[in-house]
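A look at the structure
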Amino acid sequence: MTKIAVLQLPTLALSEARLDYYLKVCKDNGVSLILLGEYVLNSFFKELENMPISMIKKQSEDRKESLINLAKKYDITIIAPLVLVRGKDIYKVIAKISQSQTKFYEQQFLMQYSHWNEAKFFKNEFKDKLNYATFKFDDLKFGVMFGYEAHFDASFVYMMKKNVDVLLIPTACTFETNERWCELLKMRAFTNNVYILRANRIGHYKNKNIDESWNFYGDSMLISPFGEVSQRLGNNEEMMISNLDKKEIITARGIWGFKNEINKKKLLS
């Protein structure tokens, strides 16, 4: 049994006090792996667009240093989206930070809508193959992708080739899309017989130019390998501790046999 926690938060203030508090609670409850949502460590994307690159770099470097210190202090692995500055370029990554190691994985698919154009802002480079974060933890194989990447079948083909058991999805969802996201992730969890743990941020973004407010509604959730929501948070700052059981994954795969059918046809080779 693996214990994992989701921290449902807005963009954090500069002090690391709140993260320190939550990590201590996690440690006291036997949690060894923690997931944060998008734009919790950094300002929201629309705010980043108007920030000097020097300020973005300072924010990111301070966050990275805090996470490294806290991971060592509590011997906990932290999975969190982060914005990195390299020279004059800005990248959006997943950070995997443990007591002994720090790794960064660039987002593979970026939104490119007129109101939210990350592809234009960030310099993430897609080469010739997908390269998502995957890793072993306890007796489970984990994979990580951003919420936008969950829309693409290719993302799940990649994860199934890597024999992933648990998919971690940090998001920054808004515009009253609760039920659409719930149905999408339930379907993905069921058809792939994996746990999906989604961490969505909370808070607001106020567009002063057109008097528009974006509400980030939380609704972080754990979905079972049977495609059922087994835990769900509300719309406030909250923490959720979940138990992940390898036996439930094995049972779901044994009953439905989706992956066996794919393997027989050698579609994941």
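Above this text is the structure in question.
Residues numbered from 1 in each chain as written. Predicted model: local features only at pLDDT ≥ 70, side-chain atom pairs only at ≥ 80, totals over all residues. Heavy atoms only, no water.

For the rest of this paragraph, the subject is the side chain of Asn42. For Asn42, the location among the structural elements is in the loop between β2 (33-36) and α2 (45-48). The class of Asn42 is buried, set by a relative accessible area of 2%. Here the side chain of Asn42 touches Gln59 through a polar contact of 3.1 Å, side chain to side chain. A distance of 2.9 Å separates the side chain of Asn42 from the side chain of Ser60, its partner in a polar contact. Once residues lying within four places of it in the same chain are set aside, the contact partners of Asn42 are Thr11, Ile56, Gln59, Ser60, Leu82 and Val83. (Helix = DSSP H or I, 4+ residues; strand = E, 2+ residues; numbered from the N terminus. Buried < 20%, exposed > 50% of the residue type's maximum accessible area, 1.4 Å probe, protein only. Polar contact = N/O pair within 3.5 Å; in protein donor to acceptor, adjacent residues only side chain to side chain. Contact = heavy atoms within 4.5 Å.)

Let's shift gears to the nonpolar core. The biggest cluster of nonpolar side chains holds 26 residues, and the ones touching the most others in it are Leu7, Leu19, Leu23, Ile34, Leu36, Leu41 and Ile78. Elements with a minimum of two residues in this core: β1 (2-8), α1 (17-28), β2, α3 (53-74), β3 (77-86) and β4 (89-97). In this structure, Ile78 is in contact with Leu23, Ile34, Leu36, Leu67, Ala71, Ala95, Lys96 and Ile97, ignoring residues within four places of it in sequence. Counting 24 residues, the second-largest nonpolar core is a separate cluster that includes Tyr195, Leu197, Leu233 and Met240. (Core = buried A, V, L, I, M, F, W, Y, C linked by side-chain atoms within 4.5 Å.)

Attention now moves to the environment of Phe216. Tracing the sequence through the fold places Phe216 in strand β13 (residues 212-217). Sequence separation between Phe216 and Val31 is 185 residues; the distance between their C-alpha atoms is 26 Å. Here Phe216 is in contact with Phe44, Trp116, Ala172, Cys173, Thr174, Arg201, Ile202, Gly203, His204 and Tyr205, once residues within four sequence places are set aside.

This part covers the environment of Ser269. Take Ser269: it is sitting in the segment after α8 (258-264). The sequence separation of Ser269 and Lys161 amounts to 108 residues, and the corresponding C-alpha distance is 7.4 Å.

The next subject is the pairing of strand β5 (residues 102-106). Where β4 meets β5, five bridges bridge the pair, whose relative direction is antiparallel. Its bridge partner being in β5, Ile97 is matched across the sheet by Thr102. Between β4 and β5, which pair antiparallel and follow one another directly, the connecting turn spans four residues. (Pairing = 2+ DSSP bridges.)

A word on the environment of Thr77. Structurally, Thr77 is set in strand β3. Of the residues examined, Thr77 reaches a relative accessible area of 9% and is grouped as buried. Linking Thr77 and Leu33, residues 44 residues apart in sequence, is a C-alpha distance of 4.8 Å. Apart from residues lying up to four places away in sequence, Thr77 is in contact with Ser32, Leu33, Ile34, Lys96, Ile97, Ser98 and Phe137.

Attention now moves to the sheet that holds strand β11 (residues 195-200). The strand order across the open sheet formed by six strands is β8-β9-β10-β11-β14-β15, and the pairing between neighbours is mixed. On the outer flanks of this sheet lie β8 (133-137) and β15 (229-232), each paired with one strand and no other. For this sheet the average axis-to-axis angle between neighbouring strands, irrespective of direction, equals 20 degrees. (Axes fitted to C-alpha atoms, helices over the stretch in contact; angles between N-to-C directions.)

Geometric descriptors of this kind do not, in isolation, establish any biological role.
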